[in-house]
Every structure is written in structure tokens, then in C-alpha cells.
Amino acid sequence: MKGSAKLITSLLVLGGLIYVPWVVKNPYYLHIIIMSGIFVLLASSMNLITGCTGRLNLGHAAFYGIGAYASTLVVMKLGFPVWLGMVMGGLITVLFGVLIGIPCLKLKGAYLAITTLAFGEITRLAMINFVPLTNGPLGIRGIPGPPAIGFNSTPLISFESKTSYYYLILFICVLCLLTIRRVLNSQIGRTFMAIREDEVRAETVGIDTIQVKIMNFALGAFFAGIAGSFYAHYVRFISPDTFTLGETFTILTMVVIGGLGTFYGPIVGGVIFTFLPELLRAISEYRMILYGLMMSVAIIFMPDGIVGLLQSWISGRTEKGDKST
Amino acid sequence: METILKAEGLTKYFGGLAAVEEFDLYVKKGEILSLIGPNGAGKTTTFNLITGLESPTRGKITFKGEQIIELRPHEIVEKGIARTFQITRVFRKMTLLENVAVAQHIAIRPTILSILFSPSERKREKSGLEKAEEMLRFVNLFPKREELATNLSLGEQKRLELAIALSMDPELLLLDEPVAGMNPKETQEVIDLIGVIRGKGITVFLIEHDMKMVMGVSERIVVMNYGKKIAEGPPEEVSQNPAVIEAYLGRRTPQ
Amino acid sequence: MGHRSGERFMIPTTEFAQQAVNGLVMGGVYALIALGLTLIFGILDQANFAHGELYMIGAYATLYFSEFLGGGMYPLAVVFAMFSVAFIALFYEWLLFRPLRGKGHLPAIISSLGASIFLWNLGLIIFGSAPRQMRTGLSEVTVNFWGVSLTLQRLLVLVVALGLILCLYLVIMKTRMGRAMRATAQDPEVAALLGIDINRIAEATFIIGGALAAAAGALIGPIFLIYPAMGLMACLKAFVVVILGGLGNVMGAVIAGFALGVIESLGAGFIASAYKDFFAFLVLILVLWARPEGFLGKTAKKAG
């Protein structure tokens, strides 16, 4: 699409999204939509690591969880304000992203997958076992939500209803996705792709692959951590059961089906796979069976996901393909 | 002329086998030097040692007076050495433009914060992309800049490799068999490009099997066999050297 | 696992020996699972994340076959199970790996991950989530030697594991197929030029891997409970074993398998049994930190 057409479409979509709470009054549906926002962030963050750089991170749910716990603990035990806590949640997750990323630097393929899986499980076990800090398997209740925004003591936006949370996650998503988009279309995004294509060759064109790989993990960790922080102050209860390997698999399915390495892929995947369980209510025991099947079928028949399929369909019809998505 | 690259006593063992043994080499600034020898003589290994893809078992390499053995490949690129690969290694699922632009990394030096917040960063990126386009024009691949590298023919891939190498702004360009598999017309195009490159003051060090090209283009030739240097000198001298002729069994590669 | 944590006051060496022998039993199981995995790595240069499910299906198949065949037919049930799972493994190759041959490492990892998720959740539906017990009567009889006691079942595990490993060794070293497999593992391009058909090799590799994993499940079934998710942890540990022993390194997988079994058993017995599964991870991370190519490993090139 041409630049101006893109801008107009984006504004229309944004307008539509802003209008959503007027149309959707049912708090449960709104909740699903809010969750899809969280998963869009999670899928996009995983895409940075696994899609763009081609490094399979099977411990991604750990970043999600660390963000949630970090933000919660910083607010409830250290008394930080919630807004600061959420940012801290993201930053602390970055720290872990770097800590985990460093030993993973020399690893590739299956080695990397297993090691990140191990880190993910170790994190979850830590959540269960460090009871004084995390309250163990019981989780932490009564997490405060964000304070009302307003002047003096007149609240303009209070976080009592789902609507405010919706706008908050919308705001966070737009901010994060714009950032991710900027990164992907920049020189840094190109270095990610180069590492995916041929890491040794990337070194020989002047890319400091160590620095870039750590930066990549840090970025992926950050956005997952932000998603976790939001989750904590939205649902107001967290427990280790949320941040499991199964969750990582679900996020991976979102990225693979949506489109590995594309910008819109994880967005599409995140939305679809948050709504799908609702539609598949009747067959919820078969849900994971379906996900597994879809993941295998997708990687064999449409390795670039839905978005990749659409892209090649579109560029087959026009002179030049638009590579910036 | 001053020496831009010097290798002394360069030795590389793989297991028990010496790929390169006590190899001494110097490259003069601004010259076109060719490295020839039968297959398996150690030529590509030498390139790998210079560019940091392998570490030598013994010996030293100095570039512009600095030791470069301990450096990582990307640091060697920063110092000013760029190379192409014998079997082309382009980034297949990226476009030509992206392939060349990514090699601007040292020029652009992005960090996350600069990407997000610095307006001069955007300018640097823009000029990086412009430079990438210029490089593609230079090797005559500009029309295909939005195509995926994997769609290129072999000759085009070799030219893309050249564009990638040049966009790193090297002082020393290492070309590993730049005309392998090309027809005479393509070969001549590459020879012309090398001439232009040389004219810009870039030192060219190349490996080739195409003798006609080597004799025509080089000012000086070094001959390797079994990891050792067996001859060195201007083309006329080297082509008469009995040891060289013997190494090739009196054969000249097809023209 | 039979560790007698309440009797730590007993002579430490006997306790030690007991834990060690128990560890060897588990080690045999780990080795069997890891062997298939390492063969797939070495010969086909791919990671099979659905390998644990072959183990799981092997256990259930043995359960069902022995119920079907009646009492005392456990050995036959094991054989049937091995055949069945070998057949399923063939489908792995046809459906999950062959279409992706030559496309790098990531796609096959994802496709086998998807298959793993598919199969163990399918197992949940078909077999139910309640763990099952396989009874063979061999767990009732205990053998004692040198202060160490083993149930007949555990002894059987050890004996059969060693036997299968020996069979594998003979196949790989002495048969034509084995030579072809070794050639492919060393250099696939040259092997193809020599006329070796990669598709047949791949099928053979999966059949062998599947049979071994099934045997592991069949043997371990009567000792522990069987449940659909049992393949996950087994697969993880198998990967740890393979990485420790070196991708594609058959001898390495055997040694590392037994080693892991013993380390786990001693660790759980003497340090903390709750964290038993933890040890595999700990060992993995420590080893990879020191040597990214694995302990006895091949070059990291094989890994990614």
C-alpha cells in the first residue's frame, strides 16, 4: 500500500478501536478483547526473538511472569506507585532477558530451544518455591490497579471499569507496536534478519552479533514484561499457573500461524488465538490438540503464516511487493 | 608503496593437517594482488585467517601496523577489510537493498535509543540506504533492488557480494573467486569493476583460478601449494616459474 | 523411586550403592530414549521434539496389548508395542520431517513441537488424565545382591536396555543399512552421490528410534505410573542426555544416559527428592555454559 493509503487505514483502524467500548458493553467480551491486547504484545515480543532473529525461545512465558511478579512486588512490597511499578516490571524483565541471553549467546537451534525451556521451567519453579517473596503456588491477591488519573482530587479516568483498562491496553499496545515497527524497519531490524539468515555472514558484514543478540533478547523481554505488568494490575491476581510452558506454546502458535518474522503476523495471531478459545468453548478439551495440529500444518504449508500468505498473494498481483510489513 | 597487510609465519592446523604453513605475505597499499594455487592449497583458509573466521595456530597478521589476529570478524570489518565468499553467501530471504544496507552497520551504528529518539539517526539511516542504492547501481543491480536475493542468478549473486563488500567502505578488499562460473562477458564486467575500485584507492587482494583474468588484472601474484608459498612476483615471472608450472602440472585452467 | 530416605542411618555405602543401581536402571531408560533422538540428530541433522510421545505411546501400547493378550504375555506385548510405535515413528518422518528436509533447523523443531502438543493432548482425551498402573508381576519379585535390592522388573529394564543397545551397536556397525546411516551422518552430500537414498535412511532411523523409545516406555511402565504427559519430561531429559553426550554421538548418549540416571538418583536420594527433575536442567545449563558443544560433543555446527 502507498504511504498515504496506509496512514488513512491506520487512522481508521485506530478510530474503530477507540470506538469499541461504545459498541461492546458486555464486560466479559471486553475482557476477552483486553486479553487479546496482552497476547498481541506477548506474540509480538516473542516474534522479535523467534521470528525476526530465528532463535526459538521456549521460555518466553517466564518473561511474562517476571514482568507480572516484578511489578506486583515492587508496588506491594516496596510501595512504588503503580505506574512506576509497571515500567519497573518491564525493566526488571529486561535485566532477566540479558541474564538469560548471555549464556544463550553461543547456542542455536535445538540447544537454544531446550536451554530456554529449562530457564522457563526454572523460573516457574522459583515462583512456586520462593514463598516468602512470591507466596508460592497460592499466588498473590489483591494487587492494586492503577490509580485514577485526574487533577487534584477530581478523577477523570478511574480504573474501576473494564473500559478504562481497555483504553490503557490500547494505549500501551499502540505505543509498543509503533516502537517495534520502528525497530523492525530500521537498521537494527535488518541486523536481526541477517542473523536469522546467516549468523556467521552477519559477523563478516560488520555486525556485532553478540551485542545484537543480547539487545534482541532484551527487547523481547521488555515487551513481554510490560504485558505481564499490565496483566498483574488488571486481573489483580497472579500465580505461577499462568506462566507455564503451555502458555509459551500458545504464544508460539500465535506467532507461527500469524506469520513468523512479520510485523502484522503476531497481531493477527494474538487476536485470533485469544478469540478462538471462546468460539471453541464447546470443544475446549480439543483446543490444544487443534493448536498443535495447526502449528505443524502451518509451518509445513504456510511457513510465513497468514500474513505471509496474504503478502505473497498481494505482491503476486501488483508490480512490487510491499516489504515493510 | 607502503604495506597495508602483512602476514608472518602464518600457520593453521586442522587436526593433524596443515592447511597453511609458515606463510609469509605482504600486500602493498593500492595494488592488485592475486593469490593462486591448485585446489586445496590453502587460499580460502588464508582469507579466513585474515578476516577472523579462523584463528591461526601460529603466526601474526598486521593490518596498517595493527595486530588483527585476536579480533572478531566484525571488528576486522571496522578496521577496513571486507571480503566476498567463494560460494556466495548472501542473505537469501532479504531484498538486495536490505542485503547491502545491512552492511552499513558500522557506518550507522544504531542503538535502540538512537533508533527511537534521535533525528540524526534517521538521517544516517536514510543516507545509508542511499549509499546502498548507489552500490547496487555500481554493480548494475539497481533495478532488482526490491527482489529477494535468493532469486538472483549466480553471476548476479557474485555482483551482490561485491556490492555488499564495497558498502563496508573497505581499504582492503578480499575477493574469493569473483569470476568463478562466469562467462567471458560477465568476467570482463567484473574486471572493469575491479579497475574502477582500484581507481578509488582500494587495495584489491583476490583469489582466482581463471588464469587469463589473473594474468591480465594483477600487478603481483603469490602462488600457494599445500599451504606454503611457492612463488611470488609479477605475472610474467610467475607464469615462467617451473615450480608453479609443476604445481599445476603444466595445465592452464580453461579460459 | 524406592529410595529409602527414612533409613539414612544405614551404612552409607549400601545406600549409595542402592541409589546408584536405581540410577543405572533409570539411566538405561534415558539411554534408550536418547539413542533415537541422537540418531535423528546425527543422521538427519534434525531435532525431534515429539520423541517423548513415542515413549508415552509405547507405554500405553504395552498396557493395552498386555491387557488384550492376557496374563503373562508382557514380553509379547512389549514387542507388539515396539512394532506399533515404530510404525508411528514412520509417520513422523513422512508427515513432519520429510516435507521440511533442507529447510533449516527451525521449521522441523516447530513442526515436531506441534506434533508433540497434538499427541499428548490427544492422549489426554483417549487415555484420560488419570494415571494408570501396569501390572506385570515382575515388580513383586525382588533380587538381592551385594546389599543392593532390585525388583525383577528393574533388573529386566537394565538387562533389556543393555541388550537393545548391543543390538543397535551391531546394526550400526555390521549391517549395510548401518554403514549407510554412518555415511549419511558423516557427509550427506557424499552419501547421496554414492547412491544412498536419504528417504530410506530417514525411515530406518525413525523406525529404530521409535522402537527404542517404545521399549523404554514399555519397560518403565510397570515401575511408575503411566500418564499422557509423561513424554514431556522424558523428552526434555533425553535432550539433556543427547546434548551432554554430543549430538549424533551414539556412545555419548549411552554414557550420558546412564550418568544422568545415576546423578539424578544420588542427588534425589541424598540432597532433595522434590527437586529431582531439576538436576537434569542444572546439569544441562552448567555443561552448556562450559562447553556450548556439549560435553563429549561434536561441533556446535550440528546444533543449529
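Small disclaimer: the values here were computed from a predicted structure and weren't measured.

### A word on the overall build of chain B
Summing up its helical and strand segments, chain B has eleven helices and ten strands in all. Summarising its shape, the C-alpha atoms of chain B cover approximately 60 × 40 × 35 Å along the three principal directions. The burial tally for chain B puts 45% of its 255 residues in the buried class. For chain B, contacts bridging at least 24 residues in sequence account for 68% of all contacts bridging at least 6.

### Comments concerning the overall build of chain A
Counting its regular elements, chain A contains 14 helices and two strands. By the compact-globule yardstick of 20 Å for 325 residues, chain A fits well, its C-alpha radius of gyration being 20 Å. Dimensions of chain A, computed from C-alpha atoms along their principal axes, come out at roughly 55 × 45 × 45 Å. Burial statistics for chain A: of 325 residues in total, 54% are counted as buried.

### Topic: the packing of helix α4 (residues 82-101) of chain A against helix α10 (residues 209-235) of chain A
Residue and element names in this part refer to chain A. Between α4 and α10, the least distance of the axes is 7 Å, while the angle of their chain directions is 145 degrees. Seen from above, α4 lies across α10 with right-handed handedness. For the contact of α4 with α10, the class distribution of residues is 15 nonpolar, ten polar and one charged.

### Some words on the sheet that holds strand β7 (residues 172-176) of chain B
Residues and elements named next belong to chain B. Strand order in the open sheet formed by six strands is β6-β7-β8-β3-β9-β10, and the pairing between neighbours is mixed. For this open sheet the edge positions go to β6 (81-83) and β10 (228-233), each flanked by a neighbour on one side alone. Here the average twist between neighbouring strands, direction ignored, is 20 degrees. Bridge count for strand β3 (residues 32-36) against strand β9 (residues 220-225) is four bridges, and the pairing is parallel.

### Section: the interface of chain B and chain A
With 30 residues of chain B at the interface, the matching set in chain A holds 23 residues. Breaking the side of chain B that touches chain A down by element, the ones donating at least two residues are α2 (73-79), α3 (96-102), α4 (105-108), α5 (112-117) and α6 (119-138) of chain B. At four residues, the largest contribution of residues to the side of chain B that touches chain A is made by α2 of chain B. Its residues assigned to classes, the side of chain B that touches chain A comprises 15 nonpolar, six polar and nine charged.

### Description of the sheet that holds strand β1 (residues 3-14) of chain B
Residues and elements named next belong to chain B. Reading across the sheet, the four strands line up as β2-β1-β4-β5 and stay open at both edges, with antiparallel pairing between neighbours. Of all strands in the sheet, those bounded by a partner on one side alone are β2 (17-28) and β5 (66-67). As paired elements, strand β4 (residues 58-63) and β5 share two bridges and run antiparallel to each other. Bridging across to β5, Thr62 finds its partner in Gln67. Its contacts with the sheet put helix α1 (residues 43-50) on β1, β2 and β4, and the angle it makes with β2 is roughly 65 degrees.

### Things to note about the packing of helix α2 (residues 51-69) of chain C against helix α8 (residues 198-220) of chain C
Residue and element names in this part refer to chain C. Orientation of α2 relative to α8, taken along the N-to-C sense of each, is 50 degrees, at an axis distance of 7 Å. Our classification of the angle between α2 and α8 gives oblique. Judged by the twist between their axes, the crossing of α2 over α8 is right-handed. The segment α2 lies against α8, with His51, Leu54, Tyr55, Met56, Gly58, Ala59, Ala61 and Thr62 engaging Gly210, Ala213, Ala214, Ala215, Ala216, Gly217, Ala218 and Ile220. Of the residues assigned to the contact of α2 with α8, the class counts are eleven nonpolar, five polar and no charged.

### Description of helix α6 (residues 176-186) of chain C
Residues and elements named next belong to chain C. Those residues of α6 that sit buried are Ala180, Met181, Thr184 and Ala185. Take α6 and look down its axis: the buried residues cluster within an arc of 140 degrees, on one side only. Away from the buried face of α6 by more than 90 degrees, exposed residues Arg176 and Gln186 are located.

### Here we look at the arrangement of the chains
Taken together, the two pairs of chains in contact show their highest number of contacts between chains A and C. The smallest C-alpha distance separating chain B from chain C is 12 Å, and no contact links them.

### Description of the interface of chain A and chain C
Each partner contributes residues to the interface: chain A has 31 residues there, and chain C has 32 residues. When residues of the side of chain A that touches chain C are traced back to their parent elements, those giving at least two are α5 (109-129), α11 (245-259) and α13 (287-301) of chain A. Considered class by class, the residues forming the side of chain A that touches chain C number 22 nonpolar, five polar and four charged.

### Structural notes on the pairing of β3 of chain B
Along β3 of chain B, five of the five residues are buried, which leaves the element largely enclosed by surrounding structure. Burial along β3 of chain B is two-sided: Ile32, Ser34 and Ile36 of chain B facing one way and Leu33 and Leu35 of chain B facing the other are all buried.

### Observations regarding the nonpolar core
Residue and element names in this part refer to chain C. With 274 residues, the main nonpolar core has Leu32, Ile33, Val85 and Ala215 as its most contacted residues. At 17 residues, the largest contribution of residues to this core is made by helix α1 (residues 12-44). Excluding residues that lie within four positions of it along the chain, Ile33 makes contacts with His51, Tyr55, Ala213, Ala216, Ala234 and Ala238.

### A word on helix α11 (residues 276-290) of chain C
Between the first and last C-alpha of α11 of chain C there are 22 Å, a value that for 15 residues agrees with the 21 Å anticipated at 1.5 Å per step. Looking only at α11 of chain C, the buried set comprises Phe279, Ala280, Phe281, Val283, Leu284 and Leu288 of chain C. Buried residues in α11 of chain C make contact with α5 of chain A together with α9 (230-245) and α10 (250-270) of chain C.

### Description of unusual backbone geometry
Phi is positive for Asn135 of chain A, which is not a glycine, with a value near 65 degrees. Along the chain, Asn135 of chain A falls in the loop between α6 (131-134) and β1 (149-151). The exposure class assigned to Asn135 of chain A is partly exposed, which follows from the 19 C-beta atoms found within 10 Å. Positive phi values are uncommon outside glycine, yet Tyr226 of chain B reaches one of about 50 degrees. Mapped onto the secondary structure, Tyr226 of chain B falls in the loop between β9 and β10.

### Quick look at the environment of Met177 of chain C
Looking at where Met177 of chain C falls in the secondary structure, it is placed in helix α6. Put simply, Met177 of chain C and Thr205 of chain C are 28 residues apart on the chain and 9.7 Å apart in space, counted from C-alpha to C-alpha.

### Some thoughts on the confidence of the model for chain B
Of the residues in chain B, 96% have a pLDDT of 70 or more, and the chain-wide mean is 88. Interface scoring of the predicted complex returns ipTM 0.88; its pTM is 0.88.

### So, the pairing of β7 of chain B
Residue and element names in this part refer to chain B. Counting buried positions along β7 yields five of five residues, so the element is predominantly enclosed. Of the two faces of β7, the one carrying Leu172, Leu174 and Asp176 and the one carrying Leu173 and Leu175 are both buried. Pairing analysis gives three bridges linking β6 to β7, with the strands arranged parallel. When the bridges of β7 are listed, Ile81 appears paired with Leu172. Bridging between β7 and strand β8 (residues 203-207) involves five bridges; their strand directions are parallel. From the neighbouring strand, Leu172 faces β8, where its bridge partner is Thr203. Tracing the backbone out of β7, into helix α8 (residues 184-199) and back to the parallel element β8 gives a crossover that is right-handed.

Rules used throughout
Residues numbered from 1 in each chain as written. Chains lettered and ligands numbered in written order. Predicted model: local features only at pLDDT ≥ 70, side-chain atom pairs only at ≥ 80, totals over all residues. Helix = DSSP H or I, 4+ residues; strand = E, 2+ residues; numbered from the N terminus. Buried ≥ 20, exposed ≤ 12 C-beta atoms within 10 Å, placed from the backbone. Contact = placed C-beta atoms within 7 Å. Rg over C-alpha atoms; globule rule 2.2 N^0.38 Å. Axes fitted to C-alpha atoms, helices over the stretch in contact; angles between N-to-C directions. Left-handed = near helix turned anticlockwise from the far one by under 90°. Nonpolar A, V, L, I, M, F, W, Y, C, P; charged D, E, K, R; others polar. Pairing = 2+ DSSP bridges. Parallel < 35°, antiparallel > 145°, perpendicular 65-115°, else oblique. Arc of directions from axis to C-beta. Core = buried A, V, L, I, M, F, W, Y, C linked by C-beta atoms within 7 Å. Expected span 1.5 Å × (residues − 1). pLDDT = per-residue confidence, 0-100. Right-handed = clockwise from strand over helix to strand, strands pointing away.

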